[in-house]
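So you can see what is in the structure, the chains are spelled out below.
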Amino acid sequence: MSSKTNTGTPLIDMRDICISFGGVHAVDHVSVDLYPGEVVGLLGHNGAGKSTLIKILSGAYKMDSGEIYVNGERADIRSPRDARRYNIETIYQTLALADNLDAASNLFLGRELTSPLGLVDDDAMESEARKIMARLNPNFQKFKDPVSALSGGQRQSVAIARAVYFNAQILIMDEPTAALGPHETQMVSELITQLKAEGIGIFLISHDIHDVMELCDRASVMKNGKLVGTVDVADVTDDDLLSMIILGKQPGKAA
Amino acid sequence: MSEHSATRNQPGLVQRFMRDTELDTRLLGMLGALALIWVGFHVYGALSNGFGAFLTPRNLWNLSVQTASIGIMACGMVLVIITRHIDLSVGSVLGFCAVIMGITQVWFLPKLVGLEHWSIWIIACVVGMVAGTLVGAIHGWLIAYLSIPAFIVTLGGLLVWRGAAFLITRGETISPLDSTFKLLGGGPNGAVGATGSWIVGIIAAIAVVAMIIMGRARRKRFDFRLRPIWAEWFIGIISVGAVVGAVLLVNAYPWPTGIVRRYAAANDIEIPEGGLFISHGFAIPVLILLAVIVVMTVVMNRTRFGRYVYAIGGNPEAAALAGINTRWMTVKIFALMGFLTGLSAVVASARLGSATNALGTLDELYVIAAAVIGGTSLSGGVGTIYGAVLGAFVMQSLQTGMVLIGFDAAVQQVVVGGVLVLAVYLDNLYRRSSK
Ligand SMILES: Nc1ncnc2c1ncn2[C@@H]1O[C@H](COP(=O)(O)OP(=O)(O)OP(=O)(O)O)[C@@H](O)[C@H]1O
Ligand SMILES: [Mg+2]
């Protein structure tokens, strides 16, 4: 369960990543990695740079410097399409849904199913959407409505379904349960456990220390764009993680 | 435009009817508004002038021809507005394309291939549409890759292309245009006649029925809820009825006697007692508009391109994160707008029989108004092709109607402007109540 068993090549190895926005070092020489079947938590206060870091991996931002290795090979990720080609799927904090389209259209956005004539096959997509939603949120029925008509939690389910549907090898979840009710949160936790068992690597960004303690194998903590440290969750307590987030110091290390 | 949906019937029944037929209430509302305008002008004419001139084959046929040019461009403007842009330049680009086509067929081609050569109209059309597409692509590139707002780029375009059209012609009217080219503008010869119209009608009817049957088969394949059989029949009969009605209407409008006489003389036909009845049938520009509607509807609803247009309008950031190249899409959308403007220039200049640098002046306002009256939302993400075309019909109907009952141009402007604002207000109400 812990990094001690992580031998071989990591799925993802991000080395020395830097990006700044107009003088603000949003991510400053950060290195993180991720092994198959592992869940790595990304923690940090608001504005620490977590979303920015994973947006570099998902192709939304271009890093100023640093290197990304996927399965041991140098990867050149310049756009979301590139990331998808490496089987990296992302649930964005903002969900990134087109509000005027229905659930199925959002699920397949950019990867529509088409008929032999090359026309978009809405019925096939709705049918697939029904299958995956039945797994994630069995109460979900609003397949004909634009997602603007959905509740926050339902929208989040659609975003999760989109990331899970396409057989991701690497899954990035940026606060995936922020809007979910307790039952749906539980279902997402089960989903994470199940995906992990299938050998998928997951970056999980969360502000909920209990979730992180329960679901993650390792946790990387960021503060002001810098990496505070990465720890095995089994070796630390809630309080250790909290003090890393707040004080920016790694436990057990001489400050 | 939603007043139509509130029928006097028992609400339960109406709701069930609407649910089973899956009719679009907005479409019904717009058709209702159009019917109201038509009947209103007809009755007004009958009461005040003693003659209702609106609901006559002659007027409705002319209305369809007059709507074609704006309607074709409105189909492109929908995409532009859905993606949160605007195109103020279409009127000027239309003039520019018309002038380019004019000089191609009047100044250049006759010297190369001879006057009235069969290929002239084809080359002229291609040149005009390529010019429009290029102009649109330039606009799109400036907007997408140099991040200049569409409002500014196309406001500049409004001046630039009108000026360019003048520089080319030096204010001269370019005529006479090629006689085959002129058929594309309508008129007695530029219509397909009774038999041709029946062929068009039968093809359309078969297409409607095929769509209903195929749609049902598709739903069966995925075990989705099917429309009740009676609802399928209802929709089928109404649609086929509308097609047949349109054919009967255009076939009920005869050629004027002067043209019949000339035609009879040229073809050695004896004109019988009481005159010879030769139907106009569908005008060619109207058929061009129909083709544009069909193709653009398929593009918007059944292709990736159309899906991405809506996605960009709904949430540009989400579209980009889904791997859609939003900049290149913008170039393509404006190029398409330019192409349709070129096509519209064919219709407009062919109808006029000449090309002038002033052709299409103020068209941008009518095209934008048509799209907006048709329910295209300026905040992006929402709009339909059929809505924009109906919007064009509403505006043209207002104008034609006011001409028929003798309102002068100033009053027409006041009314059309007022209707534009009112339509958007009603549309807002409809959206809020249907949330
Ligand atoms: N597109 C951008 N332009 C300018 N600054 C940005 C941009 N994106 C992020 N930043 C800045 O980078 C820093 C890190 O932001 P980021 O969204 O990564 O934080 P976060 O750790 O995800 O916070 P939260 O927990 O609130 O989601 C912030 O100071 C933010 O203002
Ligand atoms: Mg964040």
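Residues numbered from 1 in each chain as written. Chains lettered and ligands numbered in written order. Predicted model: local features only at pLDDT ≥ 70, side-chain atom pairs only at ≥ 80, totals over all residues. Heavy atoms only, no water.

Caption draft 1: Structural view of the packing of aromatic side chains. Residue and element names in this part refer to chain A. Using the criterion set out here, one finds 13 aromatic pairs over all chains in the structure. Here the aromatic rings of Phe140 and Phe143 are separated by 5.1 Å at their centres, their planes lie at 90 degrees, and the arrangement is edge-to-face. Look at Phe140 and you get buried, because its relative accessible area is 2%. Given a relative accessible area of 3%, Phe143 falls into the buried group. (Phe/Tyr/Trp six-rings, centres within 6.5 Å; stacked < 30°, edge-to-face > 60°. Buried < 20%, exposed > 50% of the residue type's maximum accessible area, 1.4 Å probe, protein only.)

Caption draft 2: Representation of empty space enclosed by the protein within the structure. All told, the structure shown has five cavities of 30 Å³ or more when counted by the stated rule. Volume-wise, the largest cavity comes out at about 120 Å³. If you go around the largest cavity, you meet 15 residues; those closest to its centre are Arg84, Glu89, Thr90 and Tyr92 of chain A together with Leu321 of chain B. Looking at the lining of the largest cavity residue by residue, the classes come out as nine nonpolar, two polar and four charged. (1 Å grid on protein atoms, 1.4 Å probe; cavity = no way out; pocket = protein on both sides within 12 Å on 5 of 7 lines; lining within 4 Å. Points joined across faces, edges and corners; volume = space filled by probe spheres on them. Nonpolar A, V, L, I, M, F, W, Y, C, P; charged D, E, K, R; others polar.)

Caption draft 3: Spatial organisation of the interface of chain A and chain B. The partner chain B presents 25 residues to the 28 residues of chain A that form the contact. Buried area between chain A and chain B, summed over both chains or domains, comes out near 2,200 Å², and the portion from carbon and sulfur atoms is 56%. Three residues stand out in chain A for area buried against chain B, namely Asn100, Val120 and Asp123 of chain A, and they jointly supply 24% of the buried area on that side. Inspection of the chain A/chain B interface yields four salt bridges. For the salt bridge of Arg221 of chain B with Asp121 of chain A, the shortest nitrogen-to-oxygen distance reads 3.4 Å. At the boundary of chain A with chain B, the tally comes to 12 residue pairs in polar contact (both at pLDDT 80 or more). (Contact = heavy atoms within 4.5 Å. Buried area = accessible area lost by both parts, 1.4 Å probe. Salt bridge = Lys/Arg side-chain N within 4 Å of Asp/Glu carboxyl O. Polar contact = N/O pair within 3.5 Å; in protein donor to acceptor, adjacent residues only side chain to side chain.)

Caption draft 4: The packing of helix α2 (residues 25–49) of chain B against helix α16 (residues 385–404) of chain B, seen in detail. All names here are of chain B. In contact at an axis separation of 10 Å, α2 and α16 are set at 10 degrees when each is read in the N-to-C sense. Between α2 and α16, the interaxial angle falls into the category roughly parallel. Residues Arg26, Leu27, Met30, Leu31, Leu34, Ile37, Trp38, Phe41 and Asn49 of α2 lie in contact with α16, whose contacting residues are Tyr386, Gly387, Leu390, Gly391, Phe393, Val394, Ser397, Leu398, Gly401, Met402 and Leu404. Grouping the amino acids of the contact of α2 with α16 by side-chain chemistry returns 14 nonpolar, five polar and one charged. (Axes fitted to C-alpha atoms, helices over the stretch in contact; angles between N-to-C directions. Helix = DSSP H or I, 4+ residues; strand = E, 2+ residues; numbered from the N terminus. Parallel < 35°, antiparallel > 145°, perpendicular 65-115°, else oblique.)

Caption draft 5: Geometry of the coordination of the magnesium ion (ligand 2). At the metal site, the magnesium ion (ligand 2) is ligated by Ser51 of chain A (OG) and Gln93 of chain A (OE1), and these contacts range over 1.9 to 2.1 Å. Of this pair, Ser51 of chain A sits in helix α1 (residues 50–57) while Gln93 of chain A sits in the loop between β6 (88–91) and α3 (103–107), placing them 42 residues apart in sequence. (Donors = N, O, S within 2.8 Å, 3.2 Å for Na, K, Ca; no water.)

Caption draft 6: The arrangement of helix α4 (residues 90–113) of chain B in detail. All names here are of chain B. Within α4, the axis deviates most sharply at Thr104, by approximately 35 degrees. The element α4 is extensively covered by neighbouring structure, given that 18 of its 24 residues are classed as buried. Backbone geometry just downstream of α4 places Gly114 in the positive-phi region, at approximately 100 degrees. (Bend = angle between axes of the 7 residues up to and from the residue.)

Caption draft 7: The arrangement of the site of ligand 1 in detail. All names here are of chain A. Of all residues adjacent to ligand 1, which total 14 residues, the nearest are Asn46, Gly47, Lys50, Ser51 and Thr52. Residue Gly47 places a main-chain N or O atom 2.8 Å away from an oxygen atom belonging to ligand 1. A distance of 3.1 Å separates a nitrogen atom of ligand 1 from a polar atom in the side chain of Tyr61. Against a free-state accessible area of 640 Å², the protein chains account for coverage of 64% of ligand 1. In terms of residue count, the dominant contributor to the shell around ligand 1 is α1 (three residues). Residue composition of the shell around ligand 1, by class: four nonpolar, eight polar and two charged. (Near = heavy atom within 4 Å. Areas by Shrake-Rupley, 256 points an atom, 1.4 Å probe, with all protein chains shown as cover.)

Caption draft 8: Molecular detail of the sheet that holds strand β4 (residues 65–70) of chain A. Residue and element names in this part refer to chain A. If you walk across this open sheet you meet the four strands as β2-β1-β4-β5, and the pairing is antiparallel. At either end of the open sheet lies a strand with only one pairing partner, and these are β2 (24–34) and β5 (73–74). Examined bridge by bridge, strand β1 (residues 12–21) and β4 share five bridges and lie antiparallel to one another. Across the sheet, residue Cys18 finds its bridge partner in β4, namely Ser65. Across the sheet, α1 is in contact with β1, β2 and β4; its angle to β1 comes to roughly 120 degrees. (Pairing = 2+ DSSP bridges.)

Caption draft 9: Local environment of the pattern of salt bridges. Residues and elements named next belong to chain B. Scanning the model with the defined rule gives 22 salt bridges over all chains in all. Among the ionic pairs, Glu232 bridges to Arg216, the shortest N-O distance being 2.9 Å. Of the two residues, Glu232 is situated in helix α9 (residues 229–251) and Arg216 in helix α8 (residues 193–221); the sequence distance between them amounts to 16 residues. For Glu232, a relative accessible area of 10% corresponds to the buried category. For Arg216, a relative accessible area of 18% gives the class buried. Connected through salt bridges with shared partners, the residues Glu22, Arg216, Arg219, Arg225, Arg227 and Glu232 form a single ionic network.

Caption draft 10: Quick look at unusual backbone geometry. Note the cis peptide between Ser175 of chain B and Pro176 of chain B, where omega equals -5 degrees. Locating Pro176 of chain B in the fold gives a position in the loop between α6 (150–169) and α7 (179–183). Notably, Asn224 of chain A is not glycine yet its phi reads approximately 50 degrees, a positive angle. Positionally, Asn224 of chain A belongs in the loop between β9 (218–223) and β10 (226–232). You will see that Arg170 of chain B, though not glycine, has its phi angle at about 55 degrees, which is positive.

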